[in-house]
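Each chain is listed here by its residues.
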Amino acid sequence: EAQVTQNPRYLITVTGKKLTVTCSQNMNHEYMSWYRQDPGLGLRQIYYSMNVEVTDKGDVPEGYKVSRKEKRNFPLILESPSPNQTSLYFCASKFDRVNEQFFGPGTRLTVL
Amino acid sequence: DAKTTQPPSMDCAEGRAANLPCNHSTISGNEYVYWYRQIHSQGPQYIIHGLKNNETNEMASLIITEDRKSSTLILPHATLRDTAVYYCIVRQTGTASKLTFGTGTRLQVTL
């Protein structure tokens, strides 16, 4: 089944404890992206990657890192999480030439 | 990307057609209209897109006015599972970068 998977789905952590949220897609998509969703603010893009080893900042990249070593994986790294990074996070992927994005199920992160 | 305007909420009776409007008066000639929906904190789901002709797929129909300044997403026989937030997005096709989701229309389908 074609899908985008994220792990973990739920995470409660404490300020400053490094964490990684994984994202994987099995559709051979070139483009992958991370969004966060907060009440009243809609979805905001954090980082995106147009292909392996190519990443760029979105609208709200501060406090986040990403890497794209393989085409199928695009992990989101929070080196030192803070409470303002408490949010619902979505990974998405698509083929380069189209705009139909496939979204993962979301990761609900709480930073205490 | 052109800005879109949608009503914040709508109700629809189950089995009836749900017509969700979207205004995009500043749309340019090479921008497509995309619709996504998000069911209760799940990942957004692509529904349909179009440029100027009306489009239909297994989920919905998209009607774009001749001047392309507005469009309507039609769910022909709404069910309770169609209750979701629907987002209208205007975007050039083939470009990377972000999709800007506004606040969308919250559709409530009722018995």
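Since we're looking at a predicted model, the values are computed, not measured.

A.B. asks: What's the story with the pairing of strand β2 (residues 18-23) of chain B in this structure? I'm lost.
C.D. replies: The side chains of a regular strand alternate between both faces of the sheet. Residues and elements named next belong to chain B. Alternating positions in β2 separate cleanly, A18, L20 and C22 being buried on one face and N19, P21 and N23 remaining unburied on the opposite face. Two elements, β2 and strand β7 (residues 70-75), share six bridges in a ladder whose sense is antiparallel. Looking at the pairing, N19 lines up with I74 of β7.

A.B. asks: Is there a simple way to explain the interface of chain B and chain A in this structure?
C.D. replies: Accessible area lost upon the coming together of the parts serves often as the stated size of an interface. Counting residues at the interface gives 20 residues for chain B and 22 residues for chain A. For the chain B and chain A pair, buried surface summed over both sides reaches about 1600 Å², with 51% attributable to carbon and sulfur atoms. Where chain B meets chain A, there are zero salt bridges. Taken together, the links from chain B to chain A amount to two residue pairs in polar contact (both at pLDDT 80 or more). Split by residue class, the side of chain B that touches chain A holds eight nonpolar, ten polar and two charged.

A.B. asks: Looking at this structure, how should I read unusual backbone geometry?
C.D. replies: A negative phi angle characterises most non-glycine residues, just as the trans form characterises most peptide bonds. In this chain, A:N7 is followed by A:P8 through a cis amide linkage whose omega measures -5°. Mapped onto the fold, A:P8 is located in the loop between β1 (4-7) and β2 (10-13). Backbone geometry at A:E53 places phi at a positive 65°, although glycine is not the residue there. Tracing the backbone shows A:E53 in the loop between β5 (42-51) and β6 (54-57). Its relative accessible area of 61% is what places A:E53 among the exposed residues. For B:H40, which is not glycine, the phi dihedral falls at a positive 35°. Residue placement: B:H40 occurs in the loop between β3 (31-38) and β4 (45-50).

Cut-offs applied
What you see as residue numbers is a count from 1 along each chain, following the sequence as written. To label them, take the chains in the order written and letter them from A, then take the ligands in the order written and number them from 1. Per-residue local features are limited, in this predicted model, to residues with pLDDT of at least 70; the limit for side-chain atom pairs, both in listing and counting, is 80 or more; totals at the level of whole chains, interfaces and linings are taken over all residues. Each side-chain value is derived from all of the structure's non-hydrogen atoms; neither hydrogens nor water enter the calculation. Throughout this description, buried means an accessible area under 20% of the type-specific maximum (1.4 Å probe, protein chains only), exposed means over 50%, and partly exposed covers the range between. Helix and strand labels come from DSSP, where a helix needs a run of H or I of at least four residues and a strand needs a run of E of at least two; each type is numbered from the N terminus. By the convention used here, strands pair only if DSSP detects at least 2 bridges between them. Whether two residues are in contact is decided by their heavy atoms: any pair within 4.5 Å suffices. Each of two parts loses accessible area, computed with a 1.4 Å probe, when they are put together; buried area is these two losses added. We define a salt bridge as a side-chain nitrogen of Lys or Arg found within 4 Å of a carboxyl oxygen belonging to Asp or Glu. Distance and chemistry together define a polar contact, namely a pair of N or O atoms within 3.5 Å, with one atom able to donate a hydrogen and the other to accept it when in protein, and with adjacent residues in sequence counting only for side-chain atoms on both sides. Charged residues are taken to be Asp, Glu, Lys and Arg, nonpolar residues to be Ala, Val, Leu, Ile, Met, Phe, Trp, Tyr, Cys and Pro, and polar residues to be all remaining types, Gly included.

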